[in-house]
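Here is how the chains run, residue by residue.
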Amino acid sequence: MHKPFVVNVGALRRGGVHATEAHCCGGLTGIAVSASHVPDNAEIQVDAVLEVASGTSILVTGTITAPWVGDCRRCLGPAEGTLVSTVRELYEDRPDPEETYKLHGDQLDLEPLVRDAVLLELPHAPLCSASCAGLCPVCGIDRNTGTCSCETELNDPRWAALDVLRARDD
Ligand SMILES: [Zn+2]
Ligand SMILES: [Zn+2]
């Protein structure tokens, strides 16, 4: 299976070079929060610098760019965008599971780092646009594409009086 996010770090680990750039792109599946997700196999781009930290550990510094899609929190229509995550993480032969990532010999797999970083940046309350007008809470019409007369009725003092009466009955 092709692993687009695996980088060979043999030269780094043997001291031939101190730092190297890695530019990878590829698709992953299953990166999602409830309101948004990265489409399966959509292109995720990683631009990073890998450098020898202490001993054989390798520090990865860079940016991850990924497209996302979701449901607008106001109108429930489709929302989409591109997220950018800045990362600075350590890979070690014997990682601390809470803090660092595992090196597999000369293979440094950026995939777990990409998954964690992108998941953190996915929007939990996306908007289709900053000016989305949302749905009418009364009739449900999409106010971006249509209009209704609900608002005037809600503001009508006679309706307000009726609401007070209803509240008393409860
Ligand atoms: Zn919207
Ligand atoms: Zn309405």
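Report on the accompanying structure. Throughout this document, residue positions are counted from 1 along each chain, in the order its sequence is written. As they are written, the chains are lettered A onward and the ligands numbered 1 onward, keeping that order. For this predicted model, a pLDDT threshold of at least 70 governs which residues receive local features, and a threshold of 80 or more governs which side-chain atom pairs are given and counted, while totals over whole chains, interfaces and linings are taken from all residues. Only hydrogens and water are set aside when side-chain values are computed; all heavy atoms of the structure are taken into account.

## Some details on the coordination of the zinc ion (ligand 1)
- For Na, K and Ca the donor cutoff is 3.2 Å, while for all other metals N, O and S atoms must lie within 2.8 Å; water is not among the atoms, so some sites may look incomplete. Around the zinc ion (ligand 1), the protein supplies Cys-72 (SG), Cys-75 (SG), Cys-128 (SG) and Cys-132 (SG) as donor atoms, at distances of 2.3 Å.
- Considering all 4 donor atoms around the zinc ion (ligand 1), the spread of angles at the metal, 105 to 113°, places the coordination shape in the tetrahedral class.
- One chain supplies every donor to the zinc ion (ligand 1), and in sequence these donors are spaced C-x2-C-x52-C-x3-C.
- When a residue's accessible area, from a 1.4 Å probe over protein chains only, is under 20% of the maximum for its type it is buried; when over 50% it is exposed; and in between it is partly exposed. Judged by relative accessible area, which is 11%, Cys-75 ranks as buried. By the criteria applied here, four donors are tetrahedral when all angles lie between 85 and 135 degrees, four are square planar and six octahedral when opposite donors are over 155 degrees apart and every other angle lies between 65 and 115, and any other arrangement is irregular.

## Focus: helix H2 (residues 111–121)
- Here a helix means four or more residues in a row that DSSP labels H or I, a strand means two or more in a row labelled E, and each is numbered from the N terminus. Those residues of H2 that fall on the buried side of the exposure criterion are Leu-113, Val-114, Ala-117 and Val-118. What you see down the axis of H2 is that its buried residues fit within an arc of 115°, all on one side.
- Those residues of H2 hidden inside the fold are in contact with strand E4 (44–52), strand E5 (58–71), strand E6 (78–92) and strand E7 (101–102). The directions from the helix axis to the C-beta atoms form the arc being described. Residues count as neighbours in contact if any of their non-hydrogen atoms are within 4.5 Å of one another.

## Describing the nonpolar core
- Counting 36 residues, the largest nonpolar core has Ile-44, Leu-50, Leu-108, Leu-110 and Val-114 as the members making the most contacts within it.
- Every element with two or more residues in this core is listed here: strand E2 (19–26), E4, E5, E6 and H2.
- The element contributing the most residues to this core is E5, with 5 residues.
- Leave out the neighbours within four places in its chain, and Leu-50 touches Val-7, Val-9, Leu-12, His-18, Ala-19, Thr-20, Ala-22, Ile-58, Leu-59, Val-60 and Leu-108. We call a set of buried residues a nonpolar core when its members are Ala, Val, Leu, Ile, Met, Phe, Trp, Tyr or Cys and they connect through side-chain atoms within 4.5 Å of each other.

## Considering the coordination of the zinc ion (ligand 2)
- Surrounding the zinc ion (ligand 2) are the protein donor atoms Cys-136 (SG), Cys-139 (SG), Cys-148 (SG) and Cys-150 (SG), which sit 2.2 to 2.3 Å from the metal.
- Between the 4 donor atoms coordinating the zinc ion (ligand 2), the angles at the centre fall across 105 to 112°, so the site counts as tetrahedral.
- Read N to C, the donor residues that coordinate the zinc ion (ligand 2) are spaced as C-x2-C-x8-C-x1-C. Within this pair, whereas Cys-136 is found in the loop between H2 and helix H3 (150–155), its partner Cys-150 is found in helix H3, the two being separated by 14 residues in sequence.
- Assessed through its relative accessible area of 4%, Cys-136 is described here as buried.

## Here we look at the pairing of E5
- Strands pair, by our definition, only if DSSP identifies at least two bridges between them. Bridging between strand E3 (residues 36–37) and E5 involves 2 bridges; their strand directions are antiparallel. By the bridge assignment for E5, Ser-36 is matched with Gly-70.
- Here E4 pairs with E5 via 8 bridges, running antiparallel. In the strand pairing of E5, Val-46 is matched with Ile-64.
- In textbook terms, the turn of a hairpin is the stretch between consecutive antiparallel strands, and for E4 and E5 this stretch comprises 5 residues, one of which, Gly-55, has a positive phi near 60°.
- Here E5 folds back onto E6 in antiparallel fashion, the turn holding 6 residues, of which Leu-76 has a positive phi close to 65°.

## Quick notes on unusual backbone geometry
- Although it is not a glycine, Asn-41 sits at a positive phi angle of roughly 65°.
- With respect to the helices and strands, the residue Asn-41 is situated in the loop between E3 and E4.
- With relative accessibility at 55%, the residue Asn-41 sits in the exposed group.
- A positive phi angle, near 65°, is found at Leu-76, a position not held by glycine.
- With respect to the element layout, Leu-76 can be found in the loop between E5 and E6.
- Taking relative accessible area as the criterion, Leu-76 reaches 59% and is therefore assigned exposed.

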